[in-house]
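# Structural overview
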Amino acid sequence: SWFNHTFGGFGVGELFTFMGPAHCGKSMYLVNVGANCLLQKLNVLHISLEMSEEITAQRYDMRLLGLTKDELKTNTANKKIQELLEQRLGRLMIKRYPSGTATATDISTFIRRLETTKGFKPDILIIDYADIMRSGQKYNDRRFELDSIYQQVRNLGIEFKIPVITATHVISMIKLGIQALIVLE
């Protein structure tokens, strides 16, 4: 793929942040990343801090099946689902946390619980999106809190030896003074 060729792929323990203005498709981009990983037989853990698990799953279905929301309810969808299942994809787990409540520690605990109870070990972690997580520490200045969140999220990748992919609003990164990997327009 273009990303693998240009950047060498997603590295273990690395944090990749995609940035763009509000309503430009960052969440859908993250679903596309996850879907491509599933097609490569990788296990994906998708943490959503905005959309419900159902809507996120529906977006994966639409992307993987190449169908619209309305087409998902047709016989064509059933045939495409059968074809897709025969490809033996990676496994997908989706977990939603309310905005501003989840910390990196919560996600770490959830990953360990998935490994123990479901035998699921993610090959990649997608967080939609880290800006609206809660820091494990409280700061008076939001930029310090965001810096802490991003360090903790990167540490998840190091702890579990997986890449972590997230998205952010352009404004958040400018406040932090961080350069993002790719700007979505």
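In this report, the structure presented in the accompanying data block is examined. (Residues numbered from 1 in each chain as written. Predicted model: local features only at pLDDT ≥ 70, side-chain atom pairs only at ≥ 80, totals over all residues. Heavy atoms only, no water.)

## Here we look at the pairing of strand E1 (residues 15-20)
Definition in use: We call a residue buried when its accessible area falls under 20% of the maximum for its residue type, exposed when it is over 50%, and partly exposed in between, using a 1.4 Å probe and counting protein chains only. Numbering of helices and strands runs from the N terminus; a helix is a DSSP stretch of H or I covering at least four residues, while a strand is a stretch of E covering at least two. Two strands are counted as paired when DSSP detects at least two bridges linking them.
Of all six residues in E1, five are buried; the element is thus mostly enclosed. Looking at chain direction, E1 and strand E5 (residues 164-169) are connected through six bridges and run parallel. Along E5, the bridge assignment pairs Phe 18 with Ala 167.

## Considerations on the side chain of Ser 52
For the record, the criterion: Side-chain atoms alone can form a polar contact between residues adjacent in sequence; in general such a contact is a pair of N or O atoms within 3.5 Å, and within protein one must be able to donate a hydrogen while the other accepts it.
Here Ser 52 shows up in the loop between strand E2 (44-48) and helix H3 (53-65). At 3.1 Å, the side chain of Ser 52 and the backbone nitrogen of Ile 55 are in polar contact.

## Focus on the packing of helix H2 (residues 26-39) against H3
We apply this condition: Lines fitted to C-alpha atoms define the axes, with helix axes restricted to the stretch in contact, and inter-axis angles between N-to-C directions lie between 0 and 180 degrees. Here is the rule for angles: anything less than 35 degrees is roughly parallel, anything more than 145 is roughly antiparallel, 65 through 115 is roughly perpendicular, and the remaining ranges are oblique. The sense of a crossing depends on the near helix, which, turned anticlockwise from the far helix by less than a right angle, makes the crossing left-handed and, turned clockwise, makes it right-handed. Contacts: residue pairs with any heavy atoms within 4.5 Å of one another. Three categories are distinguished: nonpolar for Ala, Val, Leu, Ile, Met, Phe, Trp, Tyr, Cys and Pro, charged for Asp, Glu, Lys and Arg, and polar for the others, with Gly belonging to the last.
Relative to each other, H2 and H3 sit at 60 degrees, their axes nearing to 9 Å. In this view, H2 runs oblique relative to H3, as classed from their interaxial angle. Like other packed secondary-structure pairs, H2 and H3 cross with a definite hand, here right-handed. Judged by residue contacts, Ser 27, Met 28, Leu 30, Val 31, Asn 32, Gly 34, Ala 35, Asn 36, Leu 38 and Leu 39 of H2 engage Arg 59, Tyr 60, Arg 63 and Leu 64 from H3. When its residues are assigned to classes, the contact of H2 with H3 shows eight nonpolar, four polar and two charged.

## With respect to the packing of aromatic side chains
Put simply, the test is: Geometry of aromatic contacts follows a simple scheme: Phe, Tyr and Trp rings, the Trp one being its six-membered ring, pair when their centres are within 6.5 Å, and the pair is stacked under 30 degrees between planes, edge-to-face over 60, tilted otherwise. Here, a charge over a ring is recorded when the distance from Lys NZ or Arg CZ to the ring centre is within 6 Å and its angle to the ring normal is within 35 degrees.
A full pass over the atoms with the stated rule returns one aromatic pair. Taken together, a centroid distance of 4.7 Å and an interplanar angle of 55 degrees make the contact between Phe 18 and Tyr 29 tilted. You can see Phe 18 sitting in strand E1 and its partner Tyr 29 sitting in helix H2, a full 11 residues away along the chain. Look at Tyr 29 and you get partly exposed, because its relative accessible area is 25%. Between the NZ or CZ atom of Lys 26 and the centre of the ring of Tyr 129, over which it lies, the distance is 5.8 Å. Over the face of the ring belonging to Tyr 97 we find Lys 95, whose NZ or CZ atom lies 5.2 Å from the ring centre.

## Section: helix H5 (residues 104-118)
Note that an α-helix has 3.6 residues per turn; residues three or four places apart therefore point the same way. Heads up, the rule is: Each helix should span, by expectation, one fewer than its residue count multiplied by 1.5 Å. Each C-beta atom gives one direction from the helix axis, and the arc is the one those directions make.
Taking 1.5 Å per residue as the helical rise, H5 with its 15 residues ought to reach 21 Å, and the 20 Å between its terminal C-alpha atoms agrees with that figure. Considered for burial, the residues of H5 that qualify are Ala 104, Ile 107, Ser 108, Phe 110, Ile 111 and Leu 114. For H5, the angular spread of buried residues about the axis comes to 160 degrees, placing them on one side. Across H5 from its buried face, at more than 90 degrees, point the exposed residues Thr 105, Thr 116 and Thr 117. At its buried positions, H5 is contacted by E2, strand E3 (92-96), strand E4 (124-128) and helix H6 (142-160). Downstream of H5 by one or two residues, Gly 119 has phi in the positive range, about 65 degrees.

## Remarks on the packing of H5 against H6
Direction vectors running N to C along H5 and H6 enclose 25 degrees, while the axes themselves pass 9 Å from each other. The angle between H5 and H6 places the two elements in the roughly parallel class. Viewed along their axes, H5 and H6 form a crossing whose handedness is right-handed. In contact with Ala 104, Ile 107, Ser 108, Ile 111, Arg 112 and Glu 115 of H5, H6 contributes Gln 152, Val 153, Leu 156, Glu 159 and Phe 160. For the contact of H5 with H6, the residue count by class is six nonpolar, two polar and three charged.

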